[in-house]
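Residue strings, one per chain:
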Amino acid sequence: MFNRLYIHVPFCVKKCDYCAFVSYTPEDKELTEYPELIMSELQLHASGEQSIASVYFGGGTPSLLQPLQLARLLDEIAKLADLSIDAEITLETNPGTVDHISLKAFRDAGINRISLGIQSFDDQFLQCLGRIHSVQQSRQAFSDAREAGFNNISIDLIHSLPNQSLNQWRSELQHAIKLSPEHISIYGLTVEEDTPFAHMYPLNSPDLDHDLSADMFELADELLTSSGFEHYEIANYARPGFRSQHNSGYWRRDGYLGLGVAAHSFLRKGYGIRFSNPDNFEDYRQAVRSGQLKLIGELELTQNDAMEEYMFLGLRLSNGVNRHDFAREFGRSLESVYGYVAADLARLGLLVQNESKLTLTKRGMLLSNKAFASFLL
Ligand code: SF4
């Protein structure tokens, strides 16, 4: 039913001004108790035979947990499930929360991939975003991670920041390339409701130039691919052999179990079941302690739901959607379900198709929401 584990750690030193994720500043006792709750939750799900190909500690700021706590959690996972010897085990890391000692200890604990939330190589933008770290701390964290033995490091960057010019974005990309990570994730800033940013930068704010966003996407594609990165997913670039296995599993609709506050799960049963955990600590704690998990918004997908998802998620990847795989999954040919949609999108220059597969063009990636809406049944 699942072969991947996502562990959500909803704690941050301080909330960033643009952030809409479930995260807050924890009390010490919450930090101490949380890994125990995750272990108890895992025991409620464990069947003993489950084989796990990847584990992802996301957040929030999972690097606020102690390396020893993570080591125990990974031991428990290995006891309760068949944790593959070459499993990809990622830790999202805020550069302001680690040093060379903790990074070495995370490596020793079994973490083998670091995803470093650098976001920008400009201190003014970091301050504008409300990040807790400086560029110097990001650079230090990266080199400490390398020294600690991490040979698979991903960094996150955000573009379309308030008043950011194309040349400033070019410089961000050049800094990223020079640092030489194995993987880069690139997101355009979205101003989410109920964040400080929504008040500071209302719709149509002159500080946000939405027209530049497309140019920034194209510049990233041009500079990163000419520097040896593969643009393998709309927002993700990797050196050959370093695509995120865990996230690739999401886009292929592998089953995953989400543990922790507000964690989402997708189980491969029938056409798939989606649900999430309570999104506040106390409700989650009580549910786990009572042994009765309250699953929120449990949804059993219909075949139509699953086919739509298959297209939205698969088309995010540069490999696209394979016709043969679609037919094997659903017992229907892709042409019979989506032939007319694919032809329309191809006419608009958003998609290319051949005998074996469908892929989005670069323009299709830029206008992916428009393309995906066409696949709703
Ligand atoms: S560190 Fe990440 S999760 Fe935490 S507040 Fe900032 S953006 Fe949100």
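Criteria and cut-off values
- Residues numbered from 1 in each chain as written.
- Predicted model: local features only at pLDDT ≥ 70, side-chain atom pairs only at ≥ 80, totals over all residues.
- Heavy atoms only, no water.
- Patch = residues over 30% accessible without salt bridge, like charges linked within 9 Å, V, L, I, M, F, W, Y side chains within 5 Å.
- Areas by Shrake-Rupley, 256 points an atom, 1.4 Å probe, with all protein chains shown as cover.
- Salt bridge = Lys/Arg side-chain N within 4 Å of Asp/Glu carboxyl O.
- Lys, Arg positive; Asp, Glu negative; His and termini not counted.
- Charge placed at Lys NZ, Arg CZ, Asp CG, Glu CD.
- Helix = DSSP H or I, 4+ residues; strand = E, 2+ residues; numbered from the N terminus.
- Buried < 20%, exposed > 50% of the residue type's maximum accessible area, 1.4 Å probe, protein only.
- Core = buried A, V, L, I, M, F, W, Y, C linked by side-chain atoms within 4.5 Å.
- Contact = heavy atoms within 4.5 Å.
- Near = heavy atom within 4 Å.
- Nonpolar A, V, L, I, M, F, W, Y, C, P; charged D, E, K, R; others polar.
- Expected span 1.5 Å × (residues − 1).
- Phe/Tyr/Trp six-rings, centres within 6.5 Å; stacked < 30°, edge-to-face > 60°.
- Lys NZ or Arg CZ within 6 Å of the ring centre and 35° of its normal.
- Pairing = 2+ DSSP bridges.
- Axes fitted to C-alpha atoms, helices over the stretch in contact; angles between N-to-C directions.
- Parallel < 35°, antiparallel > 145°, perpendicular 65-115°, else oblique.
- Domains from an automatic or database assignment.
- Buried area = accessible area lost by both parts, 1.4 Å probe.
- Polar contact = N/O pair within 3.5 Å; in protein donor to acceptor, adjacent residues only side chain to side chain.

(A) Highlighting a negative patch on the surface. On the surface, Asp-209, Asp-211, Asp-215, Glu-218 and Glu-222 cluster together to form a negatively charged patch. Locating Asp-209 in the fold gives a position in the loop between helix H7 (196–200) and helix H8 (210–225). On the basis of relative accessible area, Asp-209 is assigned to the partly exposed category, the value being 43%.

(B) Representation of the nonpolar core within the structure. By size, the foremost hydrophobic cluster in this structure holds 66 residues, and its most contacted members are Leu-5, Val-55, Phe-57, Ile-111, Phe-150, Leu-173 and Ile-186. Discounting residues that sit within four places of it in the chain, Ile-186 has contacts with Leu-157, His-159, Trp-169, Leu-173, Ala-220, Leu-224, Ala-235 and Tyr-237.

(C) Structural detail: the site of the ligand. Residues in contact with the ligand, as listed here, are Cys-12, Lys-14, Lys-15, Cys-16, Tyr-18, Cys-19, Phe-21, Ser-23, Gly-60, Thr-61, Asn-94 and Arg-131. Classifying every residue of the shell around the ligand gives five nonpolar, four polar and three charged.

(D) The arrangement of helix H11 (residues 303–314) in detail. With twelve residues, H11 should reach 16 Å at 1.5 Å per residue; the first-to-last C-alpha distance of 16 Å fits that figure. For H11, the tally of buried residues reaches nine of twelve residues, placing the bulk of the element in the interior. All of the buried residues in H11 are Gln-303, Ala-306, Met-307, Glu-308, Glu-309, Tyr-310, Met-311, Leu-313 and Gly-314.

(E) Structural view of the packing of aromatic side chains. One pass over the structure, following the stated rule, counts 18 aromatic pairs. Arranged with centres 6.1 Å apart and planes meeting at 25°, the rings of Tyr-6 and Tyr-56 form a pair that is stacked. Here Tyr-56 lies in strand E2 (residues 51–59) and Tyr-6 lies in strand E1 (residues 4–9), a separation of 50 residues in the sequence. Neither residue differs from the other here; Tyr-6 and Tyr-56 are each classed as buried. On the basis of an interplanar angle of 55° and a centroid distance of 4.9 Å, the ring pair of Phe-326 and Phe-330 is categorised as tilted. Here Phe-326 and its partner Phe-330 are both found in helix H12 (residues 323–330), four residues apart, which amounts to about one turn of the helix. Members of the aromatic cluster, joined through ring pairs, are Tyr-271, Tyr-310, Phe-326, Phe-330, Tyr-338 and Phe-375. In this structure, Arg-107 is placed above the aromatic ring of Phe-150, and the distance from its NZ or CZ to the ring centre is 5.6 Å. The cationic tip of Arg-239 hangs over the ring face of Phe-229; the distance from NZ or CZ to the ring centre is 4.1 Å.

(F) The arrangement of the sheet that holds strand E15 (residues 357–360) in detail. Overall, antiparallel pairing links the three strands, which are arranged E13-E15-E14 in an open sheet. Here the strands that pair on one side only, and so sit at the sheet edges, are strand E13 (321–322) and strand E14 (351–353). One ladder, built from three bridges, connects E14 with E15; its direction is antiparallel. When the bridges of E15 are listed, Leu-351 appears paired with Leu-360.

(G) Main features of the packing of helix H2 (residues 67–80) against helix H3 (residues 100–109). Relative orientation of the contacting elements H2 and H3 amounts to 10°, with a least axis distance of 9 Å. What the angle tells us is that H2 and H3 run roughly parallel. When H2 is examined against H3, the residues Pro-67, Leu-70, Ala-71 and Leu-74 are found in contact with a partner set consisting of Ser-102, Ala-105, Phe-106 and Ala-109. Within the contact of H2 with H3, the residues separate by chemical class into seven nonpolar, one polar and no charged.

(H) Broad picture of the domain arrangement of the chain. Domain annotation of the chain identifies domain 1 (4–250) and domain 2 (306–373). For domain 1 and domain 2, the distance between their C-alpha centres works out to 29 Å. On the side of domain 2, ten residues touch domain 1, which itself brings ten residues to the contact. Summing the contributions of domain 1 and of domain 2, the shared interface buries around 950 Å²; its carbon and sulfur component is 59%. Taken together, the links from domain 1 to domain 2 amount to two salt bridges. Notably, a salt bridge pairs Asp-221 with Lys-362, separated by 3.0 Å at the nearest N-O pair. Joining domain 1 to domain 2, the criterion identifies five residue pairs in polar contact (both at pLDDT 80 or more).

(I) Spotlight on the pairing of strand E7 (residues 230–233). Two strands pair when backbone bridges link them, and E7 and strand E8 (residues 236–238) are joined in this way by three bridges, in the antiparallel orientation. Across the sheet, residue His-231 finds its bridge partner in E8, namely Tyr-237. Linkage of E7 to E8, two consecutive antiparallel strands, is achieved through a turn of two residues.

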